[in-house]
Amino acid sequence: MCLEIAEVLTQWKDDTEIRIIVIAAIGKAFCAGQAINPDLFDGGAIDLGLVLEKYFNPLLALINTLPKVIICAVNGVAAGAGASLVLLCDIVIAARSASFSQIFSKIGLIPDCGATWLLPRMIGFAKAKALMLTAEKISADEAERLGMIYKVVEDDQLQIEVVALAEHLATQASLSFALIKQAMRVSMQNDFTSQVKVEQDLQRQAGQSADFLEGVRAFLMKDKPNFKGR
């Protein structure tokens, strides 16, 4: 599945007809984590580091650097790698019945797929560490309260809300979205002086775009902008 998702995202990365990407699931769970097949243990110990290196980490790198906005619709349980994947997405909307769990410690593993880097920066070091050590399952409402996700909606409204948001964002200045994502990505480790220099460089690029000119034109003419994403 990792390879399939990576293949599709690679195809979509430079496709100008695709403005917004939605990651969603069908069924009772969003993602319960990596499938553990008992047959894997027939030959003794397995190298989970190699599994991450070969399958998961390339997908994470692709998602992390993708210039398009990724909306994540969480319809149910998000556990293990599934909970970590959620953290990488740009905007996360969850059904009220959804839940999140860094369940790794229950089977003697550590959180992966970027969770040990992302979660402390989102909700604070103490809370993130406790959730990882206890493998506590938290509700969608609690995840929203902690700042881990963007919004919680009623279960029967999840698809409606996600589609409406995606359709709206698809009409906006998607080049600026790519630049915002780039700025936010490096802000996690930059000091203030370095970050304002990043803003300066990216704003120069944004200010030379056709979308900026169209946005100004529409604002001055009190017209609806027709952004092209360039």
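Being a predicted model, the structure only gives us computed values, none of them experimental.

Definitions and limits used
- Residues numbered from 1 in each chain as written.
- Predicted model: local features only at pLDDT ≥ 70, side-chain atom pairs only at ≥ 80, totals over all residues.
- Heavy atoms only, no water.
- Axes fitted to C-alpha atoms, helices over the stretch in contact; angles between N-to-C directions.
- Helix = DSSP H or I, 4+ residues; strand = E, 2+ residues; numbered from the N terminus.
- Parallel < 35°, antiparallel > 145°, perpendicular 65-115°, else oblique.
- Contact = heavy atoms within 4.5 Å.
- Nonpolar A, V, L, I, M, F, W, Y, C, P; charged D, E, K, R; others polar.
- Core = buried A, V, L, I, M, F, W, Y, C linked by side-chain atoms within 4.5 Å.
- Buried < 20%, exposed > 50% of the residue type's maximum accessible area, 1.4 Å probe, protein only.
- Pairing = 2+ DSSP bridges.

1. Some words on the packing of helix α8 (residues 174–187) against helix α9 (residues 192–207)
Argument step 1. At their nearest, the axes of α8 and α9 sit 10 Å apart, and the two run at 170° to each other. The angle between α8 and α9 falls in the class roughly antiparallel. Contacts between α8 and α9 involve Leu179, Gln182, Ala183, Val186 and Ser187 from the first element and Gln195, Val198, Leu202, Gln205 and Ala206 from the second.
Argument step 2. Here the contact of α8 with α9 is built from residues that sort into six nonpolar, four polar and no charged.

2. Remarks on the nonpolar core
Argument step 1. Ranked by size, the top nonpolar core spans 43 residues in total, and within it Phe30, Val74, Val86, Phe100, Met148 and Ile149 carry the most contacts.
Argument step 2. Considering every element that reaches this core, the biggest residue donor is helix α2 (residues 48–65), with six residues.
Argument step 3. Those residues in contact with phenylalanine 100 that sit more than four places away from it in its chain are Val74, Ala78, Val86, Ala94, Glu136, Lys137, Ile138, Ser139, Ala140, Ala143, Met148 and Ile149.

3. Considerations on the sheet that holds strand β3 (residues 69–74)
Argument step 1. With parallel pairing, four strands are arranged side by side in an open sheet as β1-β3-β5-β8. On the outer flanks of this sheet lie β1 (20–23) and β8 (151–153), each paired with one strand and no other. For this sheet, the mean angle separating the axes of adjacent strands, direction not counted, is 20°.
Argument step 2. Of the strand pairs in this sheet, β3 and strand β5 (residues 91–95) are connected by four bridges, and their pairing is parallel. Paired with cysteine 72 across the bridge in β5 is valine 92.

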